[in-house]
Structure formats: C-alpha cells, structure tokens
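Coordinates in review
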Amino acid sequence: RPTILEEFCGFLFKDIPEIKSLGLGFFNKKVYAGISIDNKGQPIIKTKDIDFCIGKEIEVDFGEIKTKVIIPIIAIECKTYLDKTMFSESQFTAQKLKQGSPNVRVYVLSEENQVDPKEIPSKGQTPVDQIYIIREEGRGKIDADAVYEFFTEVRDNIIKATKQNIINLKGKLLPE
C-alpha cells in the first residue's frame, strides 16, 4: 500500500505547471544528500532513497568526474501507518536530505497515525516539515480535505521554491 501512495503522489502533482516549465521530475532513488571528499581527494556524492521526490536532475562537473545528481525540492515519505519507529526513520531521512539541500521541504504522508500525540514534536523541533494523515481513524474513508491541504501545501512550496526572492531594503529583510 505505500507503493500506492507513491503512485498517488505522481498523479496528484503531475499537472502542476511549474513541474513541466522548470523541467522538474519525479524520483525515488539516489536523491542528492550532500558531498564529501574521500581519502584520495575525490568527491563522493551522498544520496538517499526516498519514497517520492519532486526535483531536478542536473549534470555536475568535478574536474575529472562528471555525474548527474537529483536536487530535491519536495521529498515525501509514504507510509501505510505511521508509528514511532517509522517517524524516527522519516526524521533521519529528512535530516540527511536537508544537509545536502537545505531548502528541500520534507513531508510524511500516511494513511493512519500510530504515534502518541505526546511524542509528536512541534514544528521547528524536527527536520520533517509536516505530517499528513489522510485516512480517518480505524481504516475509514480517505479524508478529501486532508488530501487537498497536502496538495495545496506542496504546490505552494513548489511555486515558492521557484520564485525569485526580491528583498525590499525597507521593512523586514528576511524572506518568509
């Protein structure tokens, strides 16, 4: 069933105009998570597999080494149900992705929640940007409002990530 959620994400986001106009794609393997140098002075591209990613594949040139990397804009971990262990794994994935791409937005999309409300951190205390639970408790119907809210937030963040930030030199200087 998590695979169904991954496929669902593809259908949900495929018609967002910015995806086509910016040459973005959908990925799940070898998403960029940083770079390091090995003991011979050669660059090592760190990657992470993710359930669903909206990003851009680009070619990079490190002198003698040319390779393609997938730069994520949106990363989504898809779960049938979210328990404490799966949430911890999602936070680890989010942390790794944000080390390589600090502006990536990371979401958890789950049918059901099994995490005790007392164990869910507040925003800013986790590298996960948001968790969406889309099925009513007890394997009920899919909540269309939750799906729409998820879609809207992802779409808005794709649009926001692709807009040029112009800083007005009066008033607040740090962009939202």
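The shown structure was predicted, so the numbers you read here are calculated from the model rather than taken from an experiment.

Rules and cut-offs
Residues numbered from 1 in each chain as written. Predicted model: local features only at pLDDT ≥ 70, side-chain atom pairs only at ≥ 80, totals over all residues. Heavy atoms only, no water. Helix = DSSP H or I, 4+ residues; strand = E, 2+ residues; numbered from the N terminus. Expected span 1.5 Å × (residues − 1). Buried < 20%, exposed > 50% of the residue type's maximum accessible area, 1.4 Å probe, protein only. Contact = heavy atoms within 4.5 Å. Polar contact = N/O pair within 3.5 Å; in protein donor to acceptor, adjacent residues only side chain to side chain. pLDDT = per-residue confidence, 0-100. Salt bridge = Lys/Arg side-chain N within 4 Å of Asp/Glu carboxyl O. Pairing = 2+ DSSP bridges.

This part takes up helix 3 (residues 84-100). Over its 17 residues, helix 3 runs 25 Å from end to end, which matches the ideal 24 Å to within 8%, given 1.5 Å per residue. Taken residue by residue, helix 3 has Met-86, Phe-87, Ser-90, Gln-91, Thr-93, Ala-94, Leu-97 and Gly-100 as its buried positions. Buried positions along helix 3 lie against strand 2 (31-37), strand 3 (43-48), strand 5 (65-82), strand 6 (105-113) and strand 7 (130-133). The N-cap of helix 3, judged by a side-chain oxygen 3.2 Å from the amide nitrogen of Thr-85 a few residues on, is Asp-83.

Moving on, we come to the side chain of Glu-153. Tracing the backbone through its elements, the reader meets Glu-153 in helix 4 (residues 144-162). Engagement of the side chain of Glu-153 in a polar contact is seen with the side chain of Arg-105, the distance being 3.4 Å. A polar atom in the side chain of Glu-153 sits 3.2 Å from the side chain of Tyr-107. Other than its neighbours up to four places away in sequence, Glu-153 contacts Arg-105, Tyr-107, Gln-130 and Tyr-132.

Before going further, it helps to spend a moment on the environment of Asp-129. Locating Asp-129 in the fold gives a position in the loop between strand 6 and strand 7. Placed 25 residues apart in sequence, Asp-129 and Val-104 show a C-alpha to C-alpha distance of 9.3 Å. There is a polar contact of 2.9 Å between the side chain of Asp-129 and the side chain of Lys-98. Polar contacts involving the side chain of Asp-129 include one to the main-chain amide nitrogen of Val-106, which spans 2.7 Å.

With that settled, the discussion passes to the confidence of the model for the chain. With 90% of its residues at a pLDDT of at least 70, the chain reaches an overall mean of 88. The secondary-structure element of the chain with the lowest mean pLDDT is helix 1 (residues 2-13), recorded at 87, while strand 1 (residues 25-27) shows the highest, at 97.

A separate point is the environment of Tyr-148. With respect to the helices and strands, Tyr-148 occurs in helix 4. The exposure class assigned to Tyr-148 is exposed, which follows from its relative accessible area of 53%. Taking C-alpha positions, Tyr-148 is 9.6 Å from Leu-12, a pair spaced 136 residues apart along the chain.

Our focus in this paragraph is unusual backbone geometry. Even without being glycine, Lys-30 reaches a positive phi, approximately 55°. Looking at the element boundaries, Lys-30 is found in the loop between strand 1 and strand 2.

Oppositely charged side chains are able to pair whenever their charged atoms sit close together. A complete count under the given rule lists nine salt bridges for this structure. For Asp-156, the salt bridge identified is with Arg-155, shortest N-O distance 3.0 Å. In this structure, a network of salt bridges that share partners links the residues Lys-98, Arg-105, Asp-129 and Glu-153.

Moving on, we get to the pairing of strand 3. The sheet contact formed by strand 2 and strand 3 spans six bridges and is antiparallel. Bridge pairing in strand 3 links Tyr-32 to Thr-47. Connecting the antiparallel pair strand 2 and strand 3 is a turn made up of five residues, with Gly-41 showing a positive phi of about 85°.

On to helix 4, then. Between its first and last C-alpha, helix 4 extends 27 Å over 19 residues, near the 27 Å set by a 1.5 Å rise per residue. Where helix 4 is concerned, the buried positions are Ala-146, Val-147, Phe-150, Phe-151, Thr-152, Glu-153, Val-154, Asn-157 and Ile-158. The backbone nitrogen of Asp-145 lies 2.9 Å from a side-chain oxygen of the residue at the head of helix 4, namely Asp-143.

On to the side chain of Ser-90. In this fold, Ser-90 is placed in helix 3. Overall, Ser-90 belongs to the buried group, its relative accessible area being 0%. Not counting the four nearest positions on each side in its chain, Ser-90 is found in contact with Glu-77, Lys-79, Val-108 and Val-128.

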